[in-house]
Amino acid sequence: MQIRRLLLALTLALSMGHSAHADEPAKVEPAVAETSMLSEYGSAAEQLVDQALEYLGVRYRFGGTSPTTGLDCSGLVLNVFRNAIGLDLPRTASEMAKLGDKIGRQELKPGDLVFFNTMRRTFSHVGIYLGDGKFVHAPSRGGKVRIETISSSYWSKRFNGARRLVDDAAEASTAPLTALR
């Protein structure tokens, strides 16, 4: 992921340098604008995934919201979204499940929230989808933040749904995110 960012930054720097010397203003072609919007989404999703992976190994603590003292599932998610893209989320998994766009398991993209029924009630557990059928979460007492496979029998049986808070078309669609803040 870091290599893609470096290549993107290098490409942008070279194109900016080139257009700075051009006599006429640069025109943005529709295909270029669309690519730019998709790269912004990719950038937000990458930031979420990168930030989530930084918490691997942090111990679980019920009600925890600090990586130094421990995190629970929603504490992990709210830290990741705040630090990666500046979005403050509600405190609990069930409150988070009310946000964003509902999406199916087949539509999952990195950065999406995945919800599970782990306490005999819907949306009692939340994680962040990483891609390739994997998600990161803070499991339970005695555990540490780790990566799991969503299709494993345990998680597959308990899957409640998913929400997308970062829009496909842009890094963060201003309308939905403004409503969330």
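Model, not experiment: these values are computed from the prediction.

Chemist: Explain the pattern of salt bridges to me, using residue names and the numbers behind them.
Modeler: Enumeration over the complete set of coordinates arrives at 4 salt bridges. Residue Asp-88 pairs with Arg-82 through a salt bridge whose shortest N-O separation is 2.6 Å. Between Asp-112 and Arg-164 there is a salt bridge, and its shortest N-O distance comes to 2.8 Å. Residue Asp-112 is found in the loop between β3 (101-103) and β4 (113-116), and its partner Arg-164 is found in strand β8 (residues 159-164); the two are separated by 52 residues along the sequence.

Chemist: I'd like a description of the environment of Arg-59, backed by residues and values.
Modeler: Position of Arg-59 among the secondary structure elements: in the loop between α2 (30-53) and β1 (65-66). Overall, the relative accessible area of 47% leaves Arg-59 in the partly exposed class. Sequence-distant contacts of Arg-59, defined by excluding residues within four places in its chain, comprise Thr-69, Gly-70, Leu-71, Gly-143 and Lys-144.

Chemist: I'd like to hear about a nonpolar patch on the surface, residue by residue, with values.
Modeler: A cluster of nonpolar side chains, Leu-53, Leu-56 and Ile-147, forms an exposed patch at the surface whose accessible area comes to about 210 Å². Tracing the chain through its elements places Leu-56 in the loop between α2 and β1. Taking relative accessible area as the criterion, Leu-56 reaches 38% and is therefore assigned partly exposed.

Chemist: Now, about the side chain of Ser-124: what can you tell me, with residues and values included?
Modeler: Take Ser-124: it is sitting in the loop between β4 and β5 (125-131). For Ser-124, a relative accessible area of 10% translates into the label buried. A polar atom in the side chain of Ser-124 sits 2.9 Å from the backbone nitrogen of Thr-118. Here the side chain of Ser-124 touches Met-119 through a polar contact of 3.2 Å, landing on its backbone nitrogen. Excluding residues that lie within four positions of it along the chain, Ser-124 makes contacts with Cys-73, Ala-93, Phe-116, Asn-117, Thr-118 and Met-119.

Chemist: Residues and numbers for helix α3 (residues 73-85), please.
Modeler: Here α3 spans 18 Å end to end across 13 residues, near enough to the 18 Å set by a 1.5 Å rise per residue. With 11 of its 13 residues buried, α3 lies for the most part within the structure. Here α3 has its buried residues at Cys-73, Ser-74, Gly-75, Leu-76, Val-77, Leu-78, Asn-79, Val-80, Phe-81, Ala-84 and Ile-85. Two residues or fewer after α3 comes Gly-86, characterised by a positive phi angle close to 75°.

Chemist: Just give me the short version of the pairing of β8, but keep the residues and values in it.
Modeler: When you tally the buried positions in β8, you get 5 out of 6 residues, the bulk of the element. Here β3 runs beside β8; their pairing, made up of 3 bridges, is antiparallel. Pairing of Asp-101 across the sheet is with Arg-164, part of β8. Pairing geometry for β4 and β8, over 4 bridges, is antiparallel.

Chemist: Break down the packing of aromatic side chains for me, with residues and values.
Modeler: Per the counting criterion, the structure on display carries 6 aromatic pairs. Here Phe-116 and Phe-159 contribute two aromatic rings whose centre-to-centre distance is 5.8 Å and whose plane-to-plane angle is 75°, an arrangement assigned as edge-to-face. Placement of the pair is Phe-116 in strand β4 and Phe-159 in strand β8, with a sequence separation of 43 residues. Of the two residues, Phe-116 and Phe-159, both sit in the buried class. Three or more aromatic residues link up through ring pairs in this structure, and these residues are Phe-116, Phe-135, Tyr-154, Trp-155 and Phe-159. One residue, Arg-105, lies across the ring of Phe-159, its end atom 4.3 Å from the ring centre.

Cut-off values and rules
- Residues numbered from 1 in each chain as written.
- Predicted model: local features only at pLDDT ≥ 70, side-chain atom pairs only at ≥ 80, totals over all residues.
- Heavy atoms only, no water.
- Salt bridge = Lys/Arg side-chain N within 4 Å of Asp/Glu carboxyl O.
- Helix = DSSP H or I, 4+ residues; strand = E, 2+ residues; numbered from the N terminus.
- Buried < 20%, exposed > 50% of the residue type's maximum accessible area, 1.4 Å probe, protein only.
- Contact = heavy atoms within 4.5 Å.
- Patch = residues over 30% accessible without salt bridge, like charges linked within 9 Å, V, L, I, M, F, W, Y side chains within 5 Å.
- Areas by Shrake-Rupley, 256 points an atom, 1.4 Å probe, with all protein chains shown as cover.
- Polar contact = N/O pair within 3.5 Å; in protein donor to acceptor, adjacent residues only side chain to side chain.
- Expected span 1.5 Å × (residues − 1).
- Pairing = 2+ DSSP bridges.
- Phe/Tyr/Trp six-rings, centres within 6.5 Å; stacked < 30°, edge-to-face > 60°.
- Lys NZ or Arg CZ within 6 Å of the ring centre and 35° of its normal.

These values are about where atoms sit, not about what they do.
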